Amino acid sequence: MTAFNDVMTAEAEAAQAIEAAKEAATAALATAESDRRSTLETLEGELKQVEEAERAINDKQVAATVTKITAAAEAEVADVRQKFAAKKGEVTTLLKQRFQ
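These remarks concern the structure in this document. Chains are numbered independently. Their residues run from 1 in the order of the written sequence. For this predicted model, a pLDDT threshold of at least 70 governs which residues receive local features, and a threshold of 80 or more governs which side-chain atom pairs are given and counted, while totals over whole chains, interfaces and linings are taken from all residues. Excluded from the side-chain calculation are hydrogens and water; included are all heavy atoms of the structure.

**Quick notes on the overall build of the protein**
Heads up, the condition is: Strands are runs of DSSP state E lasting at least 2 residues, helices are runs of H or I lasting at least 4, and numbering of each runs from the N terminus. Just to be clear, the radius of gyration here is over C-alpha atoms, and the globule rule we use is 2.2 Å times residues to the power 0.38. Three labels apply to residues, based on accessible area from a 1.4 Å probe with only protein chains included: buried if under 20% of the type maximum, exposed if over 50%, partly exposed otherwise in between. Within this scheme the basic residues Lys and Arg register as positive and the acidic residues Asp and Glu register as negative, but His and the chain ends are omitted. All charge positions are set by atom: Lys at NZ, Arg at CZ, Asp at CG, Glu at CD.
Each helix and strand counted, the protein has one helix and zero strands in total. In summary, the protein has a C-alpha radius of gyration of 42 Å against a globular reference of 13 Å for 100 residues, an excess of more than 25%. With the C-alpha coordinates aligned to their principal axes, the bounding extent of the protein is approximately 140 × 20 × 10 Å. A burial count over the protein gives 0% of its 100 residues as buried. Distance between charge centres in the protein, computed from 13 positive and 18 negative side chains, equals 30 Å.

**Details of the environment of Phe-99**
Residue position: Phe-99 is located in the segment after α1 (2–98). Relative accessible area serves as the criterion here: at 70%, Phe-99 is assigned to the exposed category. When the C-alpha positions of Phe-99 and Glu-33 are compared, they lie 94 Å apart, and in sequence the two are 66 residues distant.

**With respect to the pattern of salt bridges**
Which entries qualify depends on this criterion: Just to be clear on terms, a salt bridge is a Lys or Arg side-chain nitrogen sitting within 4 Å of an Asp or Glu carboxyl oxygen.
Here the structure, examined in full by the defined rule, presents five salt bridges. Notably, a salt bridge pairs Lys-87 with Glu-90, separated by 3.8 Å at the nearest N-O pair. Remark: Glu-90 and Lys-87 occur in helix α1; sequence separation between them is three residues, near one turn of the helix. Where salt bridges share partners, they join Glu-33, Arg-36 and Arg-37 into one cluster.

**Overview of the environment of Leu-29**
Looking at where Leu-29 falls in the secondary structure, it is placed in helix α1. Judged by its relative accessible area of 62%, Leu-29 is exposed. Distance in space between the C-alpha atoms of Leu-29 and Gln-100 is 102 Å, their sequence separation being 71 residues.

Listed below in structure tokens is the structure:
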């Protein structure tokens, strides 16, 4: 029965080795998942910082563009009002001359 005992011992050792390998794989997976989460959180934080910086730059550009457009529109409105006022004087003078 020594051969049988040897087979049974080998089988028990193999079962223990398989169980140890499963435990090692489970631990490795848990560590990898933890590392992945940590890396992901770090990258999300960095991305948020980059996003905030880019948003600030974009907000400044938008504000500058709005200011430029507003100034141009105000200049055009002032020009039209000035031309309208000049024409108003001409029309008033013309009407006074025709109806007198």
